[in-house]
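Close look at the chain arrangement
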Amino acid sequence: MKDVIIVDNSPNAYYFHPENAVPILSWYDDPDDRCLFEMIPLLEALSQVHDVRQVIPKFVRKDINLVDFPKAAWVLNDAYR
């Protein structure tokens, strides 16, 4: 599970593995949605860490079920040192 990333808009989808979850906004009925496209740099950075379970919980806001992108950049930059 150290290399598995779950990208989903429903917390029920990753209920048993929240440390692997990267929440995304719902895209239904939005033909202009670009959330997944905008998440590519984050996913590319996560592909370089040893264990995503140690990193993802540091920047996912559980209270609002969203990624804190500025914090993610800081955490992932720190993970490379």
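Look up a bit, the structure's there.
Quantities reported herein were computed from a predicted structural model and do not represent experimental measurements. (Residues numbered from 1 in each chain as written. Predicted model: local features only at pLDDT ≥ 70, side-chain atom pairs only at ≥ 80, totals over all residues. Heavy atoms only, no water.)

Quick look at the overall build of the chain now. For the chain, the count of helices and strands is four helices and four strands. Starting at the N terminus, the α and β elements of the chain follow one another as β-β-α-α-α-β-β-α. Here the C-alpha radius of gyration of the chain, 12 Å, is about what a compact globule of 81 residues would show, namely 12 Å. With respect to the principal axes defined by its C-alpha atoms, the chain has extents near 40 × 25 × 20 Å. Partitioning the contacts of the chain with sequence separation of at least 6, the portion at a separation of at least 24 is 48%. Accessible area for the chain stands at about 5600 Å²; split by element, carbon and sulfur atoms hold 55% of it. Distance between charge centroids for the chain: 10 Å, based on 8 positive and 13 negative side chains. (Helix = DSSP H or I, 4+ residues; strand = E, 2+ residues; numbered from the N terminus. Rg over C-alpha atoms; globule rule 2.2 N^0.38 Å. Contact = heavy atoms within 4.5 Å. Areas by Shrake-Rupley, 256 points an atom, 1.4 Å probe, with all protein chains shown as cover. Lys, Arg positive; Asp, Glu negative; His and termini not counted. Charge placed at Lys NZ, Arg CZ, Asp CG, Glu CD.)

Looking now at the side chain of N20. Positionally, N20 belongs in the loop between β1 (6–8) and β2 (21–23). The exposure class of N20 is buried, given its relative accessible area of 0%. Setting aside anything within four residues of it in sequence, one finds N20 in contact with M1, V4, I5, I6, V52, R53 and I56. (Buried < 20%, exposed > 50% of the residue type's maximum accessible area, 1.4 Å probe, protein only.)

Our next topic: a nonpolar patch on the surface. Taken together, L25, I64 and L66 make up a surface patch of nonpolar side chains, about 240 Å² in accessible area. Here I64 falls in the partly exposed class, since its relative accessible area comes to 44%. (Patch = residues over 30% accessible without salt bridge, like charges linked within 9 Å, V, L, I, M, F, W, Y side chains within 5 Å. Salt bridge = Lys/Arg side-chain N within 4 Å of Asp/Glu carboxyl O.)

Checked against the element boundaries, D68 lands in the loop between β4 (66–67) and α4 (69–79). Residue D68 is classed as partly exposed on the basis of its relative accessible area, which comes to 24%. Sequence separation between D68 and K58 is 10 residues, and the spatial gap between their C-alpha atoms is 9.2 Å. Every residue in contact with D68, bar those within four places of it in the chain, is listed here: F59 and R61.

Let's shift gears to the packing of aromatic side chains. One pass over the full model with this rule turns up two aromatic pairs. Aromatic pair Y15 and F16: ring centres 5.1 Å apart, planes at 90°, arrangement edge-to-face. One exposure class covers both Y15 and F16, and it is exposed. (Phe/Tyr/Trp six-rings, centres within 6.5 Å; stacked < 30°, edge-to-face > 60°.)

As a C-alpha pair, N20 and M1 span 19 residues in sequence and 7.7 Å in three-dimensional space. Within the structure, the side chain of N20 is placed 2.7 Å from the backbone oxygen of V4, a separation counted as a polar contact. (Polar contact = N/O pair within 3.5 Å; in protein donor to acceptor, adjacent residues only side chain to side chain.)

Function cannot be inferred from these measures alone, as they are strictly geometric.
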